[in-house]
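Structural characterization, general
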Amino acid sequence: VQLQASGGGLVQPGGSLKVSCETSATLFQIHILGWYRQAEGEVRKLVATVDNSGSTVYADSVKGRFTISRDNAKNTVDLQMNNLKPEDTAVYYCNLENRLGSRRYNYWGQGTLVTVSS
């Protein structure tokens, strides 16, 4: 199972950036695709998720600025980030959680660095 993240880079405060993730995994009927981030010295935290029904969840810190979307035909999940702030600087990881009954199968991409700085 592979998740390939791309699109990170350096952007100025107030700018925009999109990170994308393509997965070669089989998506179970019940699954969640998501983006997490890990800043230096901190634990990995949820940024946004979208499930098989299209329902989304966002961290409070990114609501109104970030948008998660998926392309079912391409098996991709994107994170559009607007009005970026220095505190958004982190390595961004995409994640797939397949669910089958009580079982959870988690897969992670390699991470892509987003740096917000002037």
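What counts, and at which threshold
Residues numbered from 1 in each chain as written. Predicted model: local features only at pLDDT ≥ 70, side-chain atom pairs only at ≥ 80, totals over all residues. Heavy atoms only, no water. Core = buried A, V, L, I, M, F, W, Y, C linked by side-chain atoms within 4.5 Å. Buried < 20%, exposed > 50% of the residue type's maximum accessible area, 1.4 Å probe, protein only. Helix = DSSP H or I, 4+ residues; strand = E, 2+ residues; numbered from the N terminus. Contact = heavy atoms within 4.5 Å. Disulfide = S-S within 2.5 Å. Phe/Tyr/Trp six-rings, centres within 6.5 Å; stacked < 30°, edge-to-face > 60°. Lys NZ or Arg CZ within 6 Å of the ring centre and 35° of its normal. Polar contact = N/O pair within 3.5 Å; in protein donor to acceptor, adjacent residues only side chain to side chain. pLDDT = per-residue confidence, 0-100.

**Things to note about the nonpolar core**
Of all hydrophobic cores here, the largest spans 28 residues; its most connected members are Trp35, Val47, Phe66, Ile68, Leu79, Met81 and Tyr92. Listing elements by their share of this core, those giving two or more residues are strand S1 (3-6), strand S3 (17-23), strand S4 (30-38), strand S5 (45-51), strand S7 (66-71), strand S8 (76-81), strand S9 (90-100) and strand S11 (112-116). Ranked by the residues each element gives to this core, the list is headed by S9, at 4 residues. Those residues in contact with valine 47, other than ones at most four positions away along the chain, are Trp35, Tyr36, Arg37, Val57, Tyr58, Ala59, Val62, Phe66, Leu79 and Tyr92.

**Some words on the state of the cysteines**
One pass over the full model with this rule turns up 1 disulfide. One disulfide in the model links cysteine 21 with cysteine 94; its S-S distance is 2.1 Å. Judged by the torsion about the S-S bond (55 degrees), the cysteine 21/cysteine 94 disulfide is right-handed. On the criterion of sequence distance, the pair formed by cysteine 21 in strand S3 and cysteine 94 in strand S9 is long-range, its members being 73 residues apart. The class of cysteine 21 is buried, set by a relative accessible area of 2%.

**Remarks on the packing of aromatic side chains**
Within the structure shown, the criterion is met by 2 aromatic pairs. Geometrically, the ring pair formed by tyrosine 36 and tryptophan 108 is edge-to-face, given 5.1 Å between the ring centres and 70 degrees between the ring planes. Taken together, the positions of tyrosine 36 in strand S4 and tryptophan 108 in strand S10 (residues 103-108) put the pair 72 residues apart, joining distant regions of the chain. Sitting over the face of the ring of tyrosine 93, arginine 44 holds its NZ or CZ atom 3.6 Å from the ring centroid. In this arrangement the basic side chain of arginine 44 is found over the ring face of tryptophan 108, its NZ or CZ atom lying 4.6 Å from the centre.

**Brief notes about the side chain of threonine 76**
Tracing the backbone through its elements, the reader meets threonine 76 in strand S8. Setting aside its immediate chain neighbours within four residues, threonine 76 contacts Cys21, Glu22, Ser69, Arg70 and Asp71.

**A word on the environment of aspartate 88**
As for its placement among the helices and strands, aspartate 88 is situated in the loop between S8 and S9. Along the chain, aspartate 88 and alanine 39 lie 49 residues apart, while their C-alpha atoms are 8.1 Å from each other. Leaving out residues up to four positions away in the same chain, aspartate 88 has contacts with Arg37, Arg65, Phe66, Asn83, Val114 and Val116. Within the structure, the side chain of aspartate 88 is placed 2.9 Å from the side chain of arginine 37, a separation counted as a polar contact.

**As for the confidence of the model for the protein**
The share of residues in the protein with pLDDT of 70 or more is 99%, and the mean pLDDT across the chain is 95. Put simply, S1 is where the protein has its lowest mean pLDDT, 93, and strand S6 (residues 56-58) is where it has its highest, 98.

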